[in-house]
Amino acid sequence: KKRGSSSTMGDFKIVFDVPDLIFSVGGSIVSFMILAWAHSQLAAHNITAMCPPLGAVAVLLFAAPAAVPSKPYNTAFGFLIGSAAAFAIYTAVGEGFLKEFGGTRALMVGAAIAGMKITNSVHPPAGAYAVLLADVPAIKALGWKYILFPGLSGALILLVCQFLVMQLKGAVSKQKKA
């Protein structure tokens, strides 16, 4: 039986598992602190490990670890394939393609989706990551390094942290049952 807490507000009932909540929230906080440290170390080399889509990655990894987009393959290859596809479009058509309609941005997101669908590695934050290349000058300045930094590198850091948190959570759960 899960230990948890519940609250009722009319017909609306909130139920949650307290230990799971602690590991989810605590794991994401510690993981983002580690990510911030990695970001500060890479900044000396004009590389980043931090971007907004990584917040969505943390939600998937720590709040919905059993979801398909949270799987390590989807997370890692979604970023790798999605960013490579977006970069290929950006390189091929530049910034000005149907600019008044956001043509380059739209093609980049579409290419990311196509790449993820073809490789069965759908990871929604990688679609948001494609938009960064279209919109953020510092990301554009990375050139081909955009494929590796900050999306893939940050996602890999979060995956390692999630793995360690899940191992700790499993060990604590086994100890409580014994």
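Along each chain, residues carry numbers from 1 onward, in the same order as the chain's sequence is written. Whole-chain, interface and lining totals are the exception, using all residues; otherwise, since this is a predicted model, local features are given only for residues with pLDDT of at least 70 and side-chain atom pairs are given and counted only at 80 or more. No hydrogens and no water enter the side-chain calculation; it runs on all heavy atoms of the structure.

**Quick notes on the layout of surface pockets**
Part 1 of the reasoning: A 1.4 Å probe that fits but cannot get out identifies a cavity on a 1 Å grid over protein atoms alone, an open set with protein on both sides within 12 Å along at least five of seven lines counts as a pocket, and a residue lines either if it has an atom within 4 Å of a point. Grid points are joined across faces, edges and corners, and a volume is the space filled by probe spheres set on the points. Empty space within the second largest pocket amounts to approximately 150 Å³.
Part 2 of the reasoning: Taken together, Tyr 90, Glu 95, Lys 99, Gly 102, Gly 103, Thr 104, Arg 105, Met 108, Ala 134, Asp 135 and Lys 140 form the lining of the second largest pocket.
Part 3 of the reasoning: Elements are defined by DSSP. Helices are runs of H or I of four residues or more, strands are runs of E of two residues or more, and each kind is numbered from the N terminus. Elements represented by at least two residues in the lining of the second largest pocket include exactly α4 (103-118) and α5 (124-135).
Part 4 of the reasoning: No other element matches α4, which puts four residues into the lining of the second largest pocket.

**Description of the environment of Ser 40**
Part 1 of the reasoning: Note on placement: Ser 40 falls in helix α1 (residues 18-43).
Part 2 of the reasoning: Only protein chains enter the calculation, and the probe is 1.4 Å; a residue is then buried if its accessible area is under 20% of its type maximum, exposed if over 50%, and partly exposed in between. You can call Ser 40 partly exposed: its relative accessible area is 39%.
Part 3 of the reasoning: Here the alpha-carbon distance between Ser 40 and Leu 159, two residues 119 residues apart in the chain, equals 19 Å.
Part 4 of the reasoning: Reaching out from Ser 40, the side chain makes a polar contact with the backbone oxygen of Trp 37 at a distance of 2.7 Å. In the analysis that follows, any N or O atom pair within 3.5 Å is treated as a polar contact, provided that within protein one partner can donate a hydrogen and the other can accept it, and provided that, for residues neighboring in sequence, both atoms belong to side chains.

**A few points about the nonpolar core**
Part 1 of the reasoning: Of all hydrophobic cores here, the largest spans 34 residues; its most connected members are Leu 54, Phe 79, Leu 133 and Tyr 146.
Part 2 of the reasoning: Elements represented by at least two residues in this core include exactly α1, α2 (53-63), α3 (72-93), α4, α5 and α7 (151-177).
Part 3 of the reasoning: Beyond its immediate stretch of four places on either side in the chain, Tyr 146 contacts Ser 83, Ala 86, Phe 87, Tyr 129, Ala 130, Leu 133 and Ile 139. Here the nonpolar core consists of buried residues drawn from Ala, Val, Leu, Ile, Met, Phe, Trp, Tyr and Cys, with membership extended through side-chain atoms lying within 4.5 Å. Note on definitions: a residue-residue contact is assigned when non-hydrogen atoms from the two residues lie within 4.5 Å.

**Overview of α3**
Part 1 of the reasoning: One less than the number of residues in a helix, times 1.5 Å, gives the span that helix is expected to have. Between its first and last C-alpha atoms α3 spans 31 Å; for 22 residues at 1.5 Å apiece the expected length is 32 Å, and the two agree.
Part 2 of the reasoning: Of the positions making up α3, those classed as buried are Asn 74, Thr 75, Ala 76, Gly 78, Phe 79, Gly 82, Ser 83, Ala 85, Ala 86, Phe 87 and Tyr 90.
Part 3 of the reasoning: Contact partners of the buried residues in α3: α2, α4, α5, α6 (137-140) and α7.
Part 4 of the reasoning: Just downstream of α3 lies Gly 94, where phi reads positive at about 75 degrees.

**Notes on α1**
Part 1 of the reasoning: Taking 1.5 Å per residue, 26 residues should reach 38 Å; α1 reaches 37 Å between its end C-alpha atoms and fits that length.
Part 2 of the reasoning: Taken residue by residue, α1 has Phe 23, Ser 24, Gly 27, Ser 31, Leu 35 and Ala 38 as its buried positions.
Part 3 of the reasoning: On its buried face, α1 is in contact with α2 and α7.

**Considering the confidence of the model for the protein**
Part 1 of the reasoning: Per-residue confidence from the predictor is reported as pLDDT, a score between 0 and 100. Averaged over the protein, the pLDDT score is 91; the fraction of residues at 70 or greater is 94%.
Part 2 of the reasoning: When pLDDT is averaged over each helix and strand of the protein, the minimum, 60, is found for strand β1 (residues 4-9) and the maximum, 97, for α2.

**Some remarks on empty space enclosed by the protein**
Part 1 of the reasoning: One pass over the full model with this rule turns up one cavity of 30 Å³ or more.
Part 2 of the reasoning: Asp 20, Phe 23, Ser 24, Leu 61, Phe 62, Pro 65, Val 165, Met 166 and Lys 169 are the residues that line the largest cavity.
Part 3 of the reasoning: Amino acid classes used here: Ala, Val, Leu, Ile, Met, Phe, Trp, Tyr, Cys and Pro are nonpolar; Asp, Glu, Lys and Arg are charged; the rest, including Gly, are polar. Taken together, the residues that form the lining of the largest cavity break down as six nonpolar, one polar and two charged.

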